[in-house]
Structure formats: structure tokens, C-alpha cells
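Residues per chain, in single letters:
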Amino acid sequence: MELKQKGDNPYAAPESLGAGGLDPLELDALGAPSLGKRFLAVVVDNILVTAVTTLCFLALMELAEESMWVGLANTLIGISLRTLYYTVLESSALKGTLGKRMLGLAVVDAQGHQLTFGRSAARAVSRSFLMAFYFPGLWVVFDKRGQGVWDHIATTRVVERSYLLMLESEQR
């Protein structure tokens, strides 16, 4: 595996390189999944999270006397479950949510490695916050690497799993 120095500092820690000695995030189109696959993964994930959130809402309706607080509690539970779902699964050995896994996608850091829990949490929290404004999701359409705003914040990228296998085989 080839290494390169960061910037002009000779004492900086070297960075690992991916295919052909290039940083995986610098490989513009390689490994970037289609928008259709990304969309379908989001649909699958939303169905799963919505089903769990609905069950929580129904349980709260049975327990609560005042429906005004049930709506607020359900919203907070929904946001928390969604953030936890993305954080835990994207930082796990699965390298992605169940929807991404079904469609052959993975979320990796700038070097193509599994996300740490902290980086995954930063990605999930920023996505939850930014999606409240709706427009940031459209950035995926315009970014040449298919990255959303939350990917830029957390320095992550969604890639095809086959791309990860190619990088791993070249590093051996």
C-alpha cells in the first residue's frame, strides 16, 4: 500500500491511498452509486424506521391521556430512532443501513474504511438536522461524487460494495 504525506509538513502522519495511488474520495465517478440505488435505499430505510416509530406511537397512545404530548413525544422518538438507526448500522461491520446493504452500497470514510461511531453520529445528526430544510438532499444530484451535505460535514462517501472489494484487493 502506498502512502503520501499531508501537505508540506514532513512530520505529518501519512495517509493511505486507494486504487492507483489516489485518495478514494478523489476518484470522481468510481464507486459512486446511481441516484436510483441511493433513492431505493432511503425508501427501504424509511419504511423500516417509520414502522418502528408507528409502533411506538401506538404504544404511547395507549399509555397517554393527553394527545398533545403524544405527538411531540412521537416526533422526538422518531428523530432519535432514525439517528440511532443510521449511526449504529453505518458504524458497524455492515458499513451501512439495511436499505444500503440490500442494494449493495456502503458508507465509508475518506480512506475507504469503516466509519467510527463518532463520524457516523456526525453524519446522522447533520442529516437529521439538514433534512428539516429539505433542500440539502438535492445536493446529491449536483455533487460529482454523489455526496450529500452530511457526507461533506462528516467526510464520508456512499460507494458500491464492489468498489470497496476492488480497493481491498489492490491494497493486498
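Anything mentioned here points back to the structure above.
Residues numbered from 1 in each chain as written. Predicted model: local features only at pLDDT ≥ 70, side-chain atom pairs only at ≥ 80, totals over all residues. Heavy atoms only, no water.

Another point: the pairing of strand 3 (residues 105-109). In terms of residue burial, strand 3 counts as a mostly covered element, since five of its five residues are buried. Here strand 3 shows a buried face lined by Leu105, Val107 and Asp109 and a second buried face lined by Ala106 and Val108. Across five bridges, the pairing between strand 3 and strand 4 (residues 156-160) is antiparallel. Paired with Leu105 across the strands is Glu160, a residue of strand 4. (Buried < 20%, exposed > 50% of the residue type's maximum accessible area, 1.4 Å probe, protein only. Helix = DSSP H or I, 4+ residues; strand = E, 2+ residues; numbered from the N terminus. Pairing = 2+ DSSP bridges.)

A word on the nonpolar core. In summary, soluble globular proteins display a tendency toward joint burial of nonpolar side chains. The biggest cluster of nonpolar side chains holds six residues, and these are Ala106, Val108, Val159, Tyr163, Leu164 and Leu167. For this core, the secondary structure elements donating two or more residues are strand 3 and helix 7 (161-171). (Core = buried A, V, L, I, M, F, W, Y, C linked by side-chain atoms within 4.5 Å.)

Before going further, it helps to spend a moment on the environment of Ala32. Assignment of secondary structure puts Ala32 in the loop between strand 2 (15-16) and helix 1 (35-63). Using a relative accessible area of 26% as the deciding quantity, one classes Ala32 as partly exposed. Sequence-wise, Ala32 and Val159 are 127 residues apart; in three dimensions their C-alpha atoms are separated by 5.0 Å. Setting aside its immediate chain neighbours within four residues, Ala32 contacts Arg145, Arg157 and Val158. (Contact = heavy atoms within 4.5 Å.)

Moving on to the side chain of Thr97. Structurally, Thr97 is set in the loop between helix 2 (67-90) and helix 3 (98-102). Aside from chain neighbours lying at most four places away, what touches Thr97 is Asp45, Tyr85, Tyr86, Leu89 and Glu90.

Quick look at unusual backbone geometry now. A positive phi is found at Lys95, a non-glycine position, where the angle reads about 60°. Take Lys95: its relative accessible area is 13%, and that puts it in the buried class. One non-glycine residue with positive phi stands out, namely Thr155, at about 55°. In this structure, Thr155 sits in the loop between helix 6 (149-154) and strand 4.

Another aspect to go through is a nonpolar patch on the surface. On the surface, a nonpolar cluster with roughly 390 Å² of combined accessible area is contributed by Phe39, Leu40, Val43 and Ile47. On the secondary structure map, Ile47 appears in helix 1. Note on Ile47: relative accessible area 55%, which makes it exposed. (Patch = residues over 30% accessible without salt bridge, like charges linked within 9 Å, V, L, I, M, F, W, Y side chains within 5 Å. Areas by Shrake-Rupley, 256 points an atom, 1.4 Å probe, with all protein chains shown as cover. Salt bridge = Lys/Arg side-chain N within 4 Å of Asp/Glu carboxyl O.)

As enumerated under the stated definition, the model contains one aromatic pair in all. Look at Tyr85 and Tyr86: their rings are 5.4 Å apart centre to centre, the planes differ by 85°, and that puts the pair in the edge-to-face class. Like Tyr85, the residue Tyr86 is buried in the burial classification. Sitting over the face of the ring of Tyr86, Arg127 holds its NZ or CZ atom 3.8 Å from the ring centroid. (Phe/Tyr/Trp six-rings, centres within 6.5 Å; stacked < 30°, edge-to-face > 60°. Lys NZ or Arg CZ within 6 Å of the ring centre and 35° of its normal.)

Let us now look at the pattern of salt bridges. Inspection of the entire model under this criterion finds six salt bridges. Linking Lys100 and Glu90 is a salt bridge whose minimum nitrogen-to-oxygen distance equals 3.3 Å. Taken together, the positions of Lys100 in helix 3 and Glu90 in helix 2 put the pair 10 residues apart, joining distant regions of the chain. For Asp151, the salt bridge goes to Arg123, with nearest N and O atoms at 2.7 Å. Here Arg123 lies in helix 4 (residues 117-131) and Asp151 lies in helix 6, a separation of 28 residues in the sequence. Given the relative accessible area of 0%, Asp151 is considered buried. Among the ionic contacts, a cluster of salt bridges with common partners joins Arg38, Glu90, Lys100, Arg123, Arg127 and Asp151.

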